[in-house]
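Overview (structure and organization)
Residues per chain, in single letters:
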Amino acid sequence: MSAADPAPWTAATLLQRLAADPHSQLLLDRGRLDGTLRLARGDGWELLAELPSGAVDALQEALAATVGVGWAGRDRPWRASGGGEVAGGWVSVALSFLPGPWGGRLSVRSHGGGGSVAAWEQLALPAAEEAALRRLLQGPPGLLAVVGPSGSGKTTLLWALLRELAGPTVNAVAVADHPCPLPHVTTALARGTAGCEPGELLAALAADPPQVVATTDLADPSAVTAALAMGLQGSRVLANLAAADSVAAIGRLLQREAVPYLLSDLLRGVLASRLVRCVCAACAREVTLRSPAAAARLGLEPRGLTHRAGAGCPACGGSGYRGRRAVYEVVEVSAALAAIIADGARPDLLREQAFAAGNADLTANAAALVLAGVTTPEEAARALGRDHD
Ligand SMILES: [Zn+2]
């Protein structure tokens, strides 16, 4: 298509272009007499079209509408996140508007990865953890927390769990700062053009709770209170929470003013995760243990321990690692654990009771991946971080 021909460019074709290249950026500029549509390419810009000014305005506003973001005006700068369906998938975008004397400029960046939802099998859950999660998803309604530090794949897990609950006959709402890519789920966009915090949106939902709610953020007391209020009214609430592990997550919820007896009554379980780098299959070989400290962190006997590690090859860029795998910990809240939560949640008692049924914690599951040759002691210890306090 020629740069002079604006006709092929519609909100839908622009979105398709952004989806084709994650991390790409479009600029829609309105000048005094005409406008330009440019696409970032390497270190420069490709001119896609020169458009009449009025067409730029219309295209900017149509694009914002297509990705589910209300047009926030031309008299001040604004930012918003949105997303839309394209052939074969979904694309998440960030919009940023800069006002100008003749109408202003809209920048649209596509996010990589954020749009896809991992299939259940891709989660690679160990059998015991998978069975526990199935029980939690099918058991009584209440709160299921999905926890880990940032970069541990919490949002991937949240959407994968939500997909198991959502469907055409289920009233499901996601409260998130980017659109939920699942069908049959309504997104309430936090920190969008309206600037609502997740807690405000959850509180609004609690007045008329849906059957299923998923939120990417339980960062303040109002969000925690609203999540528990919905649980009390019979909603299933899936919530991401930044915490090191299951025990830390319970402490974090209480710090955020969860009423202990309500939390003990409504918290059904916690899924904690970490991502570890996998040993590169192309250059893996058996080595003797190099880091006794890492083995000790994992609870492995260092003496005589051998494990798989990558030597470094072109396939892995010399790092010895290729791809990632999640490490999990699933805690189901038993009557005994609920009693400890109601009684002030002493961390040592919580830890002892959380794993009393013989379920593996993050450390044990990370050690299992080392023994299975999936990752190295050094990498597993790095992903786990500091030892439990
Ligand atoms: Zn390699």
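Regarding the nonpolar core
Formed by 89 residues in total, the largest nonpolar core has its most connected members in L162, A227, A249 and A366. When residues of this core are assigned to their parent elements, the largest contribution, 7 residues, is made by strand β12 (residues 267-279). Those residues in contact with L162, other than ones at most four positions away along the chain, are A172, A174, L182, V185, A214 and L238. One finds L37, A64, V69 and V91 within the second-largest nonpolar core, a separate group that totals 24 residues.

A word on the packing of helix α7 (residues 246-255) against helix α11 (residues 347-354)
Across the interface, α7 lies against α11 with an axial gap of 9 Å and an inter-helix angle of 135°. The pairing of α7 with α11 is recorded here as oblique in orientation. Viewed along their axes, α7 and α11 form a crossing whose handedness is right-handed. Contact residues: S246, V247, I250 and G251 in α7; P347, L350, R351 and A354 in α11.

Some remarks on the domain arrangement of the protein
Splitting the protein by domain gives domain 1 (11-110) and domain 2 (120-384). A separation of 35 Å is found between the C-alpha centroids of domain 1 and domain 2. Counting from both sides, the interface comprises 11 residues of domain 1 and, opposite them, 7 residues of domain 2. Sort the elements by how many residues they give to the side of domain 1 that touches domain 2 and strand β4 (residues 78-86) lands first, with 5 residues. In terms of residue class, the side of domain 1 that touches domain 2 is built from 5 nonpolar, 6 polar and no charged.

Observations regarding the pairing of strand β10 (residues 212-215)
Side-chain alternation along β10 places V212 and A214 on one buried face and V213 and T215 on a second face that is also buried. Pairing analysis gives 4 bridges linking strand β8 (residues 172-176) to β10, with the strands arranged parallel. Paired with A172 across the strands is V212, a residue of β10. Note: β10 against strand β11 (residues 236-242), 4 bridges, orientation parallel. Within β11, the position partnered with T215 by the bridge is A239.

Quick notes on the pairing of β8
Counting buried positions along β8 gives 5 out of 5 residues, so the element sits mostly inside the fold. Relative to strand β9 (residues 185-189), β8 runs parallel, the two being bridged by 5 bridges. Bridge pairing links V173 to T186 in β9.

Structural notes on unusual backbone geometry
Unlike most non-glycine residues, H184 shows phi in positive territory, near 65°. Examined against the element boundaries, H184 turns out to sit in the loop between β8 and β9. For H184, a count of 15 C-beta atoms within 10 Å gives the class partly exposed. In this structure, E257 takes a positive phi of about 70° despite not being glycine. With respect to the helices and strands, E257 occurs in the loop between α7 and α8 (260-266).

A closer look at the sheet that holds β9
In space, the 7 strands of this open sheet follow the order β9-β8-β10-β11-β7-β12-β15, with mixed pairing throughout. Two strands bound the open sheet, and with one partner strand each, they are β9 and β15 (321-332). Direction aside, the axes of adjacent strands within the sheet are offset by 20° on average. Packed onto the sheet, helix α4 (residues 154-165) meets β7 (142-148), β8, β9, β10, β11 and β12 and runs at close to 175° relative to β11. Strand contacts of helix α5 (residues 198-206): β8, β9 and β10, with the helix running at about 160° to β8, the strand carrying the most contacts.

Things to note about helix α1 (residues 11-20)
Burial in α1 covers these residues: L14, L15, L18 and A19. Along the axis of α1, the buried residues cluster in a sector spanning 140°; they form a single face. Against the buried residues of α1 lie β1 (25-30), α2 (53-66), β4, β5 (89-98) and β6 (104-110).

Overview of the packing of α1 against α2
One can describe the packing of α1 onto α2 by two numbers: an axis separation of 9 Å at closest approach and a directional angle of 65°. Judged by the inter-axis angle, α1 sits roughly perpendicular to α2. With respect to the hand of their crossing, α1 and α2 are arranged in right-handed fashion. Here A11, A12, L14 and L15 of α1 come into contact with α2, specifically with L59, A62, L63 and T66. Residues that form the contact of α1 with α2 fall into these classes: 7 nonpolar, 1 polar and no charged.

What to know about helix α12 (residues 362-371)
Most of α12 sits out of view: 7 of its 10 residues are buried. Taken as a whole, α12 has its buried residues at L362, T363, N365, A366, A367, L369 and V370. Here the buried face of α12 lies against β12, β14 (306-310), β15 and α13 (377-384). Taken from the residues just after α12, G373 is the one with a positive phi, measuring 80°.

Observations regarding the environment of L371
As for its position among the elements, L371 is in helix α12. A residue is classified by how many C-beta atoms lie within 10 Å of it, and L371, with 13 of them, is partly exposed.

Cut-offs and rules
- Here the residue numbering is sequential within each chain, running from 1 through the sequence in written order.
- Side-chain atom pairs in this predicted model are given and counted only at pLDDT of 80 or more, local residue features only at pLDDT of at least 70, and totals for whole chains, interfaces and linings cover all residues.
- A set of buried Ala, Val, Leu, Ile, Met, Phe, Trp, Tyr and Cys residues, joined to one another through C-beta atoms within 7 Å, is what we call a nonpolar core.
- With C-beta atoms placed from the backbone, a residue is buried if 20 or more other C-beta atoms are within 10 Å of its own, exposed if 12 or fewer are, and partly exposed between those counts.
- Only DSSP runs of H or I reaching four residues or more are called helices, and only runs of E reaching two or more are called strands; each is numbered from the N terminus.
- Once C-beta atoms are placed from the backbone, any two residues with those atoms within 7 Å are in contact.
- Axis lines are fitted to C-alpha atoms, over the contacting stretch for helices. Their N-to-C directions set the angle, which ranges from 0 to 180 degrees.
- Roughly parallel covers angles under 35 degrees, roughly antiparallel covers those over 145, roughly perpendicular covers 65 to 115, and oblique covers all other angles.
- Helix crossings get a hand from a simple test, with the near helix turned counterclockwise from the far one by less than a right angle marking a left-handed crossing and a clockwise turn marking a right-handed one.
- Here the bounds of each domain stem from an automatic or database domain assignment.
- Classes in brief: Ala, Val, Leu, Ile, Met, Phe, Trp, Tyr, Cys and Pro nonpolar; Asp, Glu, Lys and Arg charged; the others, Gly included, polar.
- Two strands pair under a simple rule: DSSP has to find at least two bridges between them.
- This arc is built from the directions going out from the helix axis to the C-beta atoms.

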